[in-house]
Amino acid sequence: MALDGVGFDVPEGQIVGIIGPNGAGKTTLFNCISRLYPVHGGDILLDGVSLLSQPQHRIAGLGIARTFQNVALFDTLSVAENIALGAHRRLGRGFLADALRFPSAVRAQRALAAEAARWLDMLGLENVAHRRVSDLPFGTRKRVELARALACKPRLLMLDEPVAGLNHAEVEELTALVRSLKERLGLTVLLVEHHMHVVMSLSDIVVALDFGRRIAAGTPEQVQRDPEVIRAYLGDQRSGPPRDLERKAAS
């Protein structure tokens, strides 16, 4: 069983961090919320509306945007074009209108360009706006994917290991950026991250998983002191040697 009765709330305007040893079910949980995986029990609600009652292609339209551990961008498009795609759900007019250059489509294209320019500025990407994303370093690509997700103006932003693969300086920079964006935009964020310092410094609430179950939830300070969390990460005489854990990232 990948997930076993996991339940928690994500309050509006707060960051909820999901932690747990490798194999605890963190990415599986993300993939269930974004409907990449089928759910065979329970429910997932966004403001009281069941996501399970919606087709997969409508999840983004309900206001959920996400990033991926392995950056998922359109490599042959420019940075600005990738970001504009994020806003297209809200501002686009459809293929036929675009192809025939209807006045409404022209206005929509201008609005998309303006929206992309806003996020280019907010995430410090103006200097690479017209470069193909495949030509950019990994840390910059991470910011492009974040900008594209934000261009959707999501009600829930899901960040899947946003600092994975980054060096120390890039980790600090992206952490500060997410914190600033949360305060400026009032973002509601669900965060999965192996880097414990990042999770504990960003999150208002932390939920700990182990073997597909929720074993703790509370403030970062409460969860760090929880005996079940300590056992899951460090092991004990009954559970044998420590498992392969993300705790190394906190050292």
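One can find the structure itself at the top, above this paragraph.
Notes on the structure in this doc start here. Predicted model only: the values in this text are computed from it and were never measured.

## Quick notes on the overall build of the protein chain
Then comes step 1: Assigned secondary structure in the protein chain consists of 9 helices and 8 strands.
Then comes step 2: Within the span of the protein chain, comprising 251 residues, buried residues form 47% of the whole.
Then comes step 3: Surface summary for the protein chain: the accessible area is close to 12800 Å², and the carbon and sulfur share equals 52%.

## Digging into the sheet that holds strand 6 (residues 189-192)
Then comes step 1: Reading across the sheet, the 6 strands line up as 4-5-6-1-7-8 and stay open at both edges, with mixed pairing between neighbours. The strands lining the two open edges of the sheet, one partner per strand, are strand 4 (64-66) and strand 8 (213-218). Sheet twist, expressed as the mean angle between neighbouring strand axes with direction ignored, is 20°.
Then comes step 2: Each of strand 1 (15-19), strand 7 (205-210) and strand 8 touches helix 9 (residues 227-234); the most contacted strand, strand 8, lies at about 125° to it.

## Details of the nonpolar core
Then comes step 1: The biggest cluster of nonpolar side chains holds 53 residues, and the ones touching the most others in it are Ile19, Val79, Ile83, Leu123, Leu125 and Leu146.
Then comes step 2: Counting residues per element, this core draws most heavily on helix 5 (residues 138-151), which supplies 6 residues.
Then comes step 3: Inspection of this core shows a minimum of three residues originating in each of domain 1 (1-63 + 154-251) and domain 2 (78-152).
Then comes step 4: If you look at the next biggest cluster of nonpolar residues, it comprises 19 residues, including Phe30, Cys32, Leu51 and Ile59.

## Quick look at unusual backbone geometry
Then comes step 1: Located in the positive-phi region is Lys153, a residue other than glycine, with phi close to 50°.
Then comes step 2: Within the element layout of this structure, Lys153 appears in the loop between helix 5 and strand 5 (156-160).
Then comes step 3: A relative accessible area of 44% places Lys153 in the partly exposed class.
Then comes step 4: For Glu161, which is not glycine, the phi dihedral falls at a positive 50°.
Then comes step 5: Looking at where Glu161 falls in the secondary structure, it is placed in the loop between strand 5 and helix 6 (168-185).
Then comes step 6: With a relative accessible area of 4%, Glu161 lands in the buried category.

## Points about the side chain of Glu193
Then comes step 1: Positionally, Glu193 belongs in the loop between strand 6 and helix 7 (196-202).
Then comes step 2: Put simply, Glu193 is tucked away with no salt bridge, and the nearest opposite charge, on Lys142, sits 6.4 Å away.
Then comes step 3: Looking at Glu193, its side chain comes within polar contact range of the main-chain nitrogen of Val163, at 3.1 Å.
Then comes step 4: A polar atom in the side chain of Glu193 sits 3.1 Å from the backbone nitrogen of His195.
Then comes step 5: With near-sequence residues (within four places) excluded, Glu193 lies in contact with Ile18, Glu161, Pro162, Val163, Ala164, Val198 and Val199.

## Re the layout of surface pockets
Then comes step 1: The calculated volume of the largest pocket comes to roughly 880 Å³.
Then comes step 2: What lines the largest pocket is a set of 33 residues, among which Phe8, Val10, Ile33, Ile44 and Leu45 lie closest to the centre.
Then comes step 3: Of all the secondary-structure elements, those providing two or more residues to the lining of the largest pocket are helix 1 (26-33) and strand 2 (45-46).
Then comes step 4: For the lining of the largest pocket, the element with the highest residue contribution is helix 1, accounting for 4 residues.
Then comes step 5: A per-class count over the lining of the largest pocket returns 19 nonpolar, 9 polar and 5 charged.

Conventions used here
Residues numbered from 1 in each chain as written. Predicted model: local features only at pLDDT ≥ 70, side-chain atom pairs only at ≥ 80, totals over all residues. Heavy atoms only, no water. Helix = DSSP H or I, 4+ residues; strand = E, 2+ residues; numbered from the N terminus. Buried < 20%, exposed > 50% of the residue type's maximum accessible area, 1.4 Å probe, protein only. Areas by Shrake-Rupley, 256 points an atom, 1.4 Å probe, with all protein chains shown as cover. Pairing = 2+ DSSP bridges. Axes fitted to C-alpha atoms, helices over the stretch in contact; angles between N-to-C directions. Contact = heavy atoms within 4.5 Å. Core = buried A, V, L, I, M, F, W, Y, C linked by side-chain atoms within 4.5 Å. Domains from an automatic or database assignment. Lys, Arg positive; Asp, Glu negative; His and termini not counted. Salt bridge = Lys/Arg side-chain N within 4 Å of Asp/Glu carboxyl O. Polar contact = N/O pair within 3.5 Å; in protein donor to acceptor, adjacent residues only side chain to side chain. 1 Å grid on protein atoms, 1.4 Å probe; cavity = no way out; pocket = protein on both sides within 12 Å on 5 of 7 lines; lining within 4 Å. Points joined across faces, edges and corners; volume = space filled by probe spheres on them. Nonpolar A, V, L, I, M, F, W, Y, C, P; charged D, E, K, R; others polar.

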